[in-house]
Amino acid sequence: MAKNLVIVESPAKAKTIEGFLGSEFTVKSCYGHIRDLAKEHNGVDIEKGFQPIYEVPDEKKQVVSELKKLAKDAEVVWLASDEDREGEAISWHLAEVLKLEPSRTRRIVFHEITKPAILKAIENPRTVNQDLVNAQQARRILDRIVGFELSPVLWKKVKPSLSAGRVQSVAVRLIVEREREIADFSASSAFRVVALFHDKKENKHFKAELPHRFATEAEASAFLEACKGSDFVVENIETKPAKRTPAAPFTTSTLQQEASRKLGFSVAQTMAVAQKLYEAGHITYMRTDSVNLSELALDAAKEEINKAYGANFAHTRRYTTKTSSAQEAHEAIRPTYFNKHSIAGDGSDKRLYDLIWKRSIASQMSDAQLEKTNIYININGQQHQILAKEHFVASGEVIKFEGFLKVYLEGTDDENEEGDEGLLPNVSKGDKLELDSITATERFSRPAARYTEASLVKKLEELGIGRPSTYAPTISTIQKRGYVVKEEREGKERKYVELSLKADNLNKAVLTEITGAEKNKLFPTDIGSLVTDFLVEHFNDILDYGFTAQVEKEFDEIAEGLKDWTKMLDGFYTPFHQNVDHTLDEAKRVTGERQLGTDPASGKPVIVRMGRFGPVAQIGAADDEEKPQFASLRAGQSMETINLEDALELFKLPRIIGQFEDGDMKVAIGRFGPYIQHNKAFYSIPKTDDPMTIDADRGVELILAKRKADAEKLIKVFDENAELQVLNGRWGPYLKKGKDNYKIPKDRHETASTITYEEALEMIAKSGEKTGTKGRRKAKK
């Protein structure tokens, strides 16, 4: 039996660490948190000073039993969970549940999973930091209190089965407010004027632009008319040096943003891949808000830059974290070995590692040296009163020394960038240029961009809301709860005017463009907007950006030992609980009802409102003698923007599209979208099909495809418990027990049909993460 037991959170991390230690060490995984806040009293005994009530979940009891036995036999137990607050809490829970003796227990932390880092940590153990544990407990308990006290209010006043959260609700508010800002935006237009010149000496074309835009078509047209027959002469040339400086190495937030821009990763995908890279020993810890690099890392980066690119490309930089709330993980995300330019693994692993390596190495490289040139071009024509104040400017830049640009250039979220900078010809002052054409194009102002997952993370960080460990779960949660959707939406055609002057001929064309098309943007749902409005009205403090940021600062103070966590919770809870009681007693139920007009067929009012299963259009009133008609809104429609014409279209469903196997195929829209009903079975209609135009042939095709998929999905049902099944999913086989799904290890995917009942129970016990659950927990009073 090994003298030392090392406990970490995941099997992958355990496997990597085990390779660095000798036979006197046994490394085991606890599979994440081994206990959680109990359901009883919402997991908190408020009367006893917010003391948490913990329980070990059934699926973790076997893990606990195994660890207890190993810990009893070991001389020393090393708690090696991650170095952030959550990791500290995991170590504390382990010590509590396993009843570890302090004299035989060591807490070790490391920022990277390499042999030197592990051995150094073992040489410098410490005890569990109770301040960090208390900060994590305070966060968990406060969030539990907010969620479990607010949710029943929403059930009673808005809609059953809703839930609320402290940080999540604020994130939804940001998205709701941005959507309304876009809806209220009124675009204005102006004419951008660009000339295409020809330099005969170099036989090269280049563009130049007027520094300002014309407000009206008449002004733009008058300017182009004045340019007829004019000469275009180089008035002045300005050339000045410039430089670009590399971005700092990645924090959690900037990694999520850049992986979204350059790789198309979601925030959750970025963190999942980064976790794999960290546990495999490829990168340093991935939950951090520090941009600092250790002296060891700086030396290693310099050595690699000298070797790969030359000494003139190396420039050591010591970045400092601007935010005062930077947590205890005090180094940026970087490769563990700078001389490893690439890694083995799947495509996602390789691409994210490549991004991290390039960003880290570029941060220690020289500035890029540029030469910026502006050419000012006078217009010499007969209509001096119009042309006197006008001139064109051509801008360009030349890279004199690549520096860090040889490796990496940071992305941007700016959707309104317009520029034609490039190489310019070698002209001289007084040169006469040949005009090829001048184009005045109508351009429209744009509203603020909708949030992507990455830009939402950036905004939350700017406001001081959340911390590195909370961004990904926050964004995932608001989508799972149905308050926000991430999707693509088609744009609309818009006409614009283009005036062009070529060979002294002025032409006008009315062209069309697509505007408003969106890809992977976050949109609020109707229920998300309705809940946000209700919470802002009745719980404005909870939804206030400054208040939420202040709470985060108080968690930081608890982590630093400057504030008592129970007093912090007490100061929050008393007024909050009073407000909950007042709202339950006094607030009116809300439905978001909006009058659209009158149904021309019946003369009855047409409204939209929130129904039990989602937003609906309604013809008639509840107190009419004749029962009102209802129709669910379609995907992409909103109660705030739908008009009377679109609402009336909804009442053309349900409709019969034909017969199949002696039964009608009826198309309708339900709480989960459009579907076909046939012989008491339901078949979803994909987004690519329009329920208003789908025909019988397509209906039969969807029915048969669904039957085939269902037949292939079931792999095995266990005789010992019919609720336990092996099913085939999108990502391979998985276990389903009741409403909960559990992962099956990849090495058993091909032999999933041979899994025994005992093996299935063991997989459930060791499953650190459910692949999905539909179950909801209700608060207990």
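Look up: the structure comes first, before these words.
Definitions and cut-offs
- Residues numbered from 1 in each chain as written.
- Predicted model: local features only at pLDDT ≥ 70, side-chain atom pairs only at ≥ 80, totals over all residues.
- Heavy atoms only, no water.
- Pairing = 2+ DSSP bridges.
- Helix = DSSP H or I, 4+ residues; strand = E, 2+ residues; numbered from the N terminus.
- Polar contact = N/O pair within 3.5 Å; in protein donor to acceptor, adjacent residues only side chain to side chain.
- Contact = heavy atoms within 4.5 Å.
- Core = buried A, V, L, I, M, F, W, Y, C linked by side-chain atoms within 4.5 Å.
- Buried < 20%, exposed > 50% of the residue type's maximum accessible area, 1.4 Å probe, protein only.
- Axes fitted to C-alpha atoms, helices over the stretch in contact; angles between N-to-C directions.
- Salt bridge = Lys/Arg side-chain N within 4 Å of Asp/Glu carboxyl O.
- Expected span 1.5 Å × (residues − 1).

**Quick look at the pairing of strand β24 (residues 663-670)**
Now for step 1: The pairing of strand β23 (residues 655-660) with β24 spans five bridges and is antiparallel. The residue of β24 that forms the bridge with F660 is G663.
Now for step 2: In this antiparallel pair of consecutive strands, β23 and β24, the connection spans two residues, and E661 shows a positive phi of 55 degrees.
Now for step 3: Here β24 runs beside strand β25 (residues 673-678); their pairing, made up of five bridges, is antiparallel. The residue of β25 that forms the bridge with A668 is Y675.

**Looking at the side chain of N4**
Now for step 1: Secondary-structure assignment places N4 in strand β1 (residues 4-8).
Now for step 2: Of the polar contacts made by the side chain of N4, one reaches the side chain of W78; its length is 2.9 Å.
Now for step 3: Excluding anything up to four places from it in sequence, N4 contacts E24, F25, T26, V76 and W78.

**Some points on the nonpolar core**
Now for step 1: Ranked by internal contacts, the top residues of the largest apolar core, which has 125 residues, are F110 and L352.
Now for step 2: Here the element with the most residues in this core is helix α5 (residues 130-157); it accounts for 10 residues.
Now for step 3: Not counting chain neighbours up to four residues away, the residues in contact with L352 comprise L255, A259, L263, F265, T270, V273, A274 and L277.
Now for step 4: Listed in part, the 28 residues of the second largest apolar core include V193, F223, I375 and I438.

**Remarks on the side chain of R287**
Now for step 1: Looking at the secondary structure, you find R287 in the loop between α9 (267-279) and α10 (295-308).
Now for step 2: A polar contact is formed between the side chain of R287 and the side chain of D84, at a distance of 3.3 Å.
Now for step 3: Polar side-chain contacts of R287 include one of 3.2 Å to the side chain of Y285.

**Focus: the sheet that holds β24**
Now for step 1: Sheet architecture is open: four strands sit in the order β23-β24-β25-β26, paired in antiparallel fashion. Of all the strands in the sheet, the pair left with one neighbour each is β23 and β26 (681-684). Strand-to-strand, the axes of this sheet are offset by a mean angle of 30 degrees, without reference to chain direction.
Now for step 2: Against the sheet, helix α20 (residues 696-713) touches β23, β24, β25 and β26, its axis set at about 65 degrees to β23.

**Description of the pattern of salt bridges**
Now for step 1: Under the definition given, this model contains 59 salt bridges.
Now for step 2: Residue K508 pairs with E217 through a salt bridge whose shortest N-O separation is 2.9 Å. Of the two residues, K508 sits in strand β17 (residues 505-515) while E217 sits in helix α7 (residues 217-226), which places them 291 residues apart along the sequence.
Now for step 3: A residue is classified by how much of its surface remains accessible, and K508, at 53% relative accessible area, is exposed.
Now for step 4: Here E217 falls in the partly exposed class, since its relative accessible area comes to 28%.
Now for step 5: The network of salt bridges with common partners includes E9, K13, D82, D84 and R287.

**So, the pairing of strand β20 (residues 605-611)**
Now for step 1: Here β20 lies mainly inside the structure; five of its seven residues are buried.
Now for step 2: When strand β19 (residues 594-598) meets β20, the two strands line up antiparallel, connected through four bridges. Opposite Q595, over in β20, you have I607 as the bridge partner.
Now for step 3: Once β19 ends, the chain turns through six residues before running back antiparallel as β20, passing G603 with a positive phi of about 80 degrees.

**Some points on helix α17 (residues 545-559)**
Residue pairs three or four apart in sequence face the same way in an α-helix, which turns once every 3.6 residues.
Now for step 1: The first and last C-alpha atoms of α17 sit 22 Å apart over 15 residues, in line with the 21 Å expected at 1.5 Å per residue.
Now for step 2: Every buried residue of α17 is accounted for by Y545, T548, A549, V551, E552, E554, F555, D556, I558 and A559.
Now for step 3: Elements that come into contact with the buried residues of α17 comprise α3 (85-97), α5, α6 (166-184), α13 (453-463), α16 (540-543) and α18 (565-586).
Now for step 4: Sitting at the amino-terminal end of α17 is D544, which places a side-chain oxygen 3.0 Å from the backbone nitrogen of G546.
Now for step 5: Of the residues flanking the end of α17, it is G561, one or two places downstream, whose phi is positive at about 80 degrees.

**A few points about unusual backbone geometry**
Now for step 1: In this structure, P654 follows L653 across a cis peptide bond, with omega equal to 0 degrees.
Now for step 2: Positionally, P654 belongs in the loop between α19 (644-649) and β23.
Now for step 3: One non-glycine residue, Y31, lies in the positive phi region at around 60 degrees.
Now for step 4: The topology assignment puts Y31 in the loop between β2 (25-29) and β3 (36-37).
Now for step 5: By relative accessible area, which is 17% here, Y31 ends up buried.
Now for step 6: Even without a glycine there, the phi angle at E661 is positive, about 55 degrees.
Now for step 7: Residue classification places E661 among the partly exposed positions, given a relative accessible area of 43%.

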